[in-house]
Every structure is written in C-alpha cells, then in structure tokens.
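# Coordinate inspection notes
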Amino acid sequence: MFDLTLTDEQNALIQTARDFAKQEIAPVAGHLDEEGKFPTEICKKAFEIGLMNFELPEAYGGLGLSCLTHSLILEEIAWGCAGVNTTLAANMLGAMPLIIAGTEEQKRKYFGQLVSGDGKGGPTYCAYACSEPDAGSDVAGMRTRVEKKGDGYVLSGQKRWITNGGVASFFTTFATFDPKLKHKGITAFVVDANTPGVRIGKKENKMGQRASLTTDVIFEDCFVPKSALIGEEGAGFKVAMKTFDRSRPWIAAGAAGLIRRALDECRAYALERKTFGVPIAQHQAVQFMLAEMAIAYETTRLLYMKASWMVDSGKVDSIVSSYAKAYGADAAMRVTTDAVQIFGGYGYTKEYPVEKLMRDAKLLQIYEGTSQIQRMVIARNLLAEK
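Residues numbered from 1 in each chain as written. Predicted model: local features only at pLDDT ≥ 70, side-chain atom pairs only at ≥ 80, totals over all residues. Heavy atoms only, no water.

### Re the environment of Thr299
Among the secondary structure elements, Thr299 is positioned in helix H7 (residues 284-312). A relative accessible area of 29% places Thr299 in the partly exposed class. (Helix = DSSP H or I, 4+ residues; strand = E, 2+ residues; numbered from the N terminus. Buried < 20%, exposed > 50% of the residue type's maximum accessible area, 1.4 Å probe, protein only.)

Encoded structure:
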C-alpha cells in the first residue's frame with residue numbers, strides 16, 4: 001500500500017539534510033555559482049556525516065537506503081543548491097548500473113571505493129558517462145565504439161556533459177559494437193579513470209548549476225579487461241534505461257527542493273516588500289502566483305514519492321518515473337520564472353537568489369531525458385497494447 005507516513009529514521013535524515021543545506025550549502029551557493037567552483041569542502045562534510053552514496057547496499061558497506069529516503073534527502077539538498085545536489089546525486093547515478101547489473105567482484109571493488117573515500121577524509125567520486133555530442137536524449141544513436149581485442153575490449157569515442165567527469169575515479173559508460181545495430185549493439189562497462197587512453201576534456205561553462213562540474217570524457221583506444229563488462233554484451237541499453245527509471249525520481253525530488261526554496265523566498269519577500277502602501281502579499285495577483293507555487297510543490301513531491309515508492313516496491317514503471325521528472329522539471333522552471341517576476345527588478349539581479357534558482361531549474365528540463373523525451377516515454381506507454 002502506498003503510504004505517505006515517514007519513519008522516525010527518515011524524519012531524522014531529512015532534518016540532518018535540512019540543517020546541512022541551511023548551514024553549509026545555502027550561505028555559499030551564490031559564491032560557488034559565481035565562480036563556477038566545485039563544492040569540494042561541502043562534499044567532504046557531506047561524506048563525513050553520511051549524506052552521500054545513499055543507496056549502496058549494506059552488504060558492501062553502504063547505507064542501503066531506499067529510493068524514497070534518498071529522494072527525500074535530495075529535496076533538502078536541492079533547497080540549498082541544485083548544483084550541489086547534482087554533484088552528490090551523480091555518485092549514485094554512476095553506481096546505479098553496477099547495482100543493476102554488476103558482478104560481485106565489481107560491486108566489492110567499486111562500492112568499496114565509494115564507501116571508504118579517498119583516504120584523505122573526502123569522498124571518492126564516480127560518473128555516469130552516457131551522453132555524446134550527437135547522442136544526448138537519443139541514447140541508441142551513440143557513436144562510441146567498442147571492439148573485442150585479446151582478453152578484453154577497446155573503447156574509442158567521446159562522452160559529453162558528464163557530471164563529476166573531472167573528479168571521478170571511475171566511470172560507468174556505454175559503447176556500441178556497431179552504430180547500425182542501434183540499441184542492440186550497446187554494451188556497458190566500468191572503467192577506471194587512470195586507465196591508459198582515458199582523457200578528461202573541456203569543462204563546460206554553464207548557464208546554471210555551476211557548482212556542478214561537467215566535462216567531456218574521451219576514450220582513445222582504451223583497453224579494458226573482460227572484468228570491466230557490466231551485464232552482457234548488447235544489453236547496455238537496457239541497463240541505461242533501468243538506470244534512468246531509478247534516477248528520474250531523484251530529479252523530481254531536486255525539482256521539489258528548488259520549488260520550495262523559490263516559494264520560501266517569495267513568501268518572505270512578498271510579506272516585506274510594499275507597493276501602493278501595502279505589502280505585495282496583499283495583492284491578489286501575487287497571492288495567486290504564490291498559490292500556484294504551493295500547488296506545484298505539493299504535486300511534485302507526491303509524484304516523486306510515488307515513483308520512489310514504486311522503485312522500492314519492485315514495481316519500477318517508466319511512465320511513473322517520467323510523470324515525476326517531466327512535471328517536476330517543468331513546474332520548477334515555471335515557478336522560478338514567476339519568482340523572478342514577484343521580485344521584479346530585484347529578481348533580475350544577483351542581489352537575491354531567485355535569478356540563480358531560475359537558471360538552475362532549466363537544466364532539470366534537459367538532463368537525464370528532456371521534458372520532450374519524457375512525454376515520448378509516457379505516450380508510448382499509454383499507446384502500448386495491454
């Protein structure tokens with residue numbers, strides 16, 4: 001039964017994440033954004049108090065948290081900064097193909113790295129390297145090639161828009177034996193960042209979520225052993241899609257946090273700012289915008305909770321994950337645009353945080369499947385034969 005009652009443990013973790021977001025993230029979020037600076041110290045503190053690598057199984061030293069608990073935490077982190085949230089969530093995105101289809105040997109090795117950290121008190125990072133210059137939403141159109149060679153494989157190609165690409169110790173990535181095979185040729189691998197032939201390309205200078213490090217990852221005749229294969233040859237597309245089904249609720253949770261931050265900022269400003277002799281909160285036009293923000297938050301929260309619950313119940317459903325991701329992303333963009341409007345001229349400056357919220361929100365409609373791709377997934381599910 002779908003139950004919205006949270007456990008004492010979940011409430012405690014939410015409070016920990018909420019305090020962390022208010023005390024450690026929000027005060028420096030503007031600076032990180034302005035400088036496009038990776039949040040090294042924040043990540044170190046998050047790792048120290050258990051706010052990373054949430055869903056790694058307990059059998060490998062992880063916290064073993066549910067998708068729902070993970071999503072609830074991400075909402076709080078995103079309230080502080082969507083870019084920091086993306087940075088922290090990227091570790092679980094990179095690990096998810098191994099959770100889904102990894103061997104015992106792979107799980108012991110790579111989950112062990114994530115749990116133990118970098119040996120200096122900080123986290124070990126990983127990255128999910130799927131998108132390419134000409135294959136973002138169209139995963140089946142990827143061009144990175146893999147060929148069998150000796151007792152392993154050789155990877156050659158370029159990945160783009162890879163979160164944590166410049167700091168990752170390993171990548172879960174995808175390549176095809178033949179682009180003509182489309183999804184049937186795609187195969188998944190785990191590749192250590194120090195493998196000969198792995199090169200980090202340019203850092204992207206982004207509009208929003210600038211605290212998140214996004215780079216190219218390039219494979220140049222990169223040899224990996226058979227032990228690097230995740231799942232079976234030709235099964236990589238399924239691994240990628242299953243990963244997205246499980247990660248899209250996290251995006252919706254981040255959207256909920258962003259929406260709630262915008263609402264909090266607008267409510268406080270509307271009660272303080274006066275026009276025509278009264279606080280703007282007394283103007284019906286502003287009241288209606290605030291009400292729409294509250295509706296968007298509650299709806300997004302309910303959708304990501306349902307999608308997460310279905311993952312945890314073993315009822316992973318692409319259409320529900322897409323509902324949550326599509327609605328949450330679009331709602332976040334709409335709400336943050338209205339937030340700038342409520343703040344007026346002040347909202348268009350960096351004096352207040354709402355312009356950053358608006359820039360951060362845009363990426364939610366793009367990564368891990370655009371809002372248009374989500375609608376394609378939804379439509380296909382609706383029109384499929386029952």
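What follows picks up the thread again.
### Let's talk about unusual backbone geometry
We note that Trp161 has phi near 60°; this positive angle belongs to a residue other than glycine. In this structure, Trp161 sits in strand E3 (residues 152-163). In this structure Trp161 comes out as partly exposed when scored by relative accessible area, which is 44%.

### Observations concerning the nonpolar core
With 103 residues, the main nonpolar core has Ile77, Val84, Phe174 and Ile342 as its most contacted residues. Element by element, the count of residues in this core is highest for helix H6 (residues 236-272), at 16 residues. Setting aside residues up to four positions removed in sequence, Val84 forms contacts with Ile25, Leu32, Pro39, Ile42, Ile77 and Ala211. In terms of nonpolar packing, the next biggest core, distinct from the first, is built from 18 residues, Ala129, Ala168, Val217 and Phe219 among them. (Core = buried A, V, L, I, M, F, W, Y, C linked by side-chain atoms within 4.5 Å. Contact = heavy atoms within 4.5 Å.)

### Section: the pattern of salt bridges
Summed over the entire model, instances satisfying the criterion amount to 18 salt bridges. Linking Asp33 and Arg359 is a salt bridge whose minimum nitrogen-to-oxygen distance equals 2.8 Å. Taken together, the residues Asp33 in helix H1 (residues 8-35) and Arg359 in helix H9 (residues 354-364) connect sequence positions 326 residues apart. Across the salt bridge formed by Glu355 and Arg359, the nearest N and O atoms sit 2.9 Å from each other. Linking Glu355 with Arg359, this pair stays in helix H9, spanning four residues, or about one helical turn. (Salt bridge = Lys/Arg side-chain N within 4 Å of Asp/Glu carboxyl O.)

### Re helix H8 (residues 318-343)
Along its 26 residues, H8 runs 37 Å from first to last C-alpha, staying within 8% of the 38 Å computed at 1.5 Å per residue. Of all 26 residues that make up H8, 19 are buried, and the element is covered over most of its length. In this structure Asp317 caps H8, since a side-chain oxygen of it lies 3.1 Å from the backbone nitrogen of Ile319. Gly344 sits one or two positions beyond H8 and adopts a positive phi of about 65°. (Expected span 1.5 Å × (residues − 1). Polar contact = N/O pair within 3.5 Å; in protein donor to acceptor, adjacent residues only side chain to side chain.)

### A short note on the state of the cysteines
Applying the stated criterion across every chain, the model contains zero disulfides. This cysteine, Cys43, is not joined by any disulfide, and Cys81 carries the nearest cysteine sulfur, 10 Å off. For Cys43, a relative accessible area of 0% translates into the label buried. Judged by its relative accessible area of 3%, Cys81 falls in the buried class. (Disulfide = S-S within 2.5 Å.)

### Notes on empty space enclosed by the protein
Rolled over the atoms, a probe sized like a water molecule indicates the empty space that remains. This structure, assessed with the given rule, holds one cavity of 30 Å³ or more. The calculated volume of the largest cavity comes to roughly 30 Å³. As for the largest cavity, its lining consists of Ala78, Ala82, Asn85, Thr86, Gln209, Gly254, Ala255, Leu258, Leu364 and Tyr367. Those elements giving two or more residues to the lining of the largest cavity turn out to be helix H4 (82-101) and H6. Of the residues belonging to the lining of the largest cavity, the class tally is six nonpolar, four polar and no charged. (1 Å grid on protein atoms, 1.4 Å probe; cavity = no way out; pocket = protein on both sides within 12 Å on 5 of 7 lines; lining within 4 Å. Points joined across faces, edges and corners; volume = space filled by probe spheres on them. Nonpolar A, V, L, I, M, F, W, Y, C, P; charged D, E, K, R; others polar.)

### Details of the packing of aromatic side chains
Within the structure shown, the criterion is met by 12 aromatic pairs. Arranged with centres 6.4 Å apart and planes meeting at 65°, the rings of Tyr153 and Phe177 form a pair that is edge-to-face. Pair noted here: Tyr153 is in strand E3 and Phe177 is in the loop between strand E4 (168-176) and strand E5 (186-192), with a separation of 24 residues, a long-range link. Classification of Phe177 by relative accessible area gives partly exposed; the value is 23%. The ring of Trp79 is capped by Lys22, whose NZ or CZ atom sits 5.9 Å from the centre of that ring. Taking NZ or CZ as reference, Arg261 lies 4.6 Å from the ring centre of Trp79, over its face. (Phe/Tyr/Trp six-rings, centres within 6.5 Å; stacked < 30°, edge-to-face > 60°. Lys NZ or Arg CZ within 6 Å of the ring centre and 35° of its normal.)

### Examining the environment of Lys109
Note on placement: Lys109 falls in helix H5 (residues 104-116). Separated by 53 residues in the primary sequence, Lys109 and Leu56 place their C-alpha atoms 13 Å from one another. Here Tyr110 takes part through its side chain, which lies 3.2 Å from a polar atom of the side chain of Lys109.

### Looking at the side chain of Thr215
On the secondary structure map, Thr215 appears in strand E7 (residues 214-225). The exposure class assigned to Thr215 is buried, which follows from its relative accessible area of 2%. Polar contacts involving the side chain of Thr215 include one to the main-chain amide nitrogen of Gly166, which spans 3.5 Å. The residues touching Thr215, leaving out its near neighbours within four places in the chain, are Lys159, Arg160, Trp161, Ile162, Gly165, Gly166, Ile200, Gly201, Lys202 and Lys203.

Coordinates in, geometry out; function isn't part of it.
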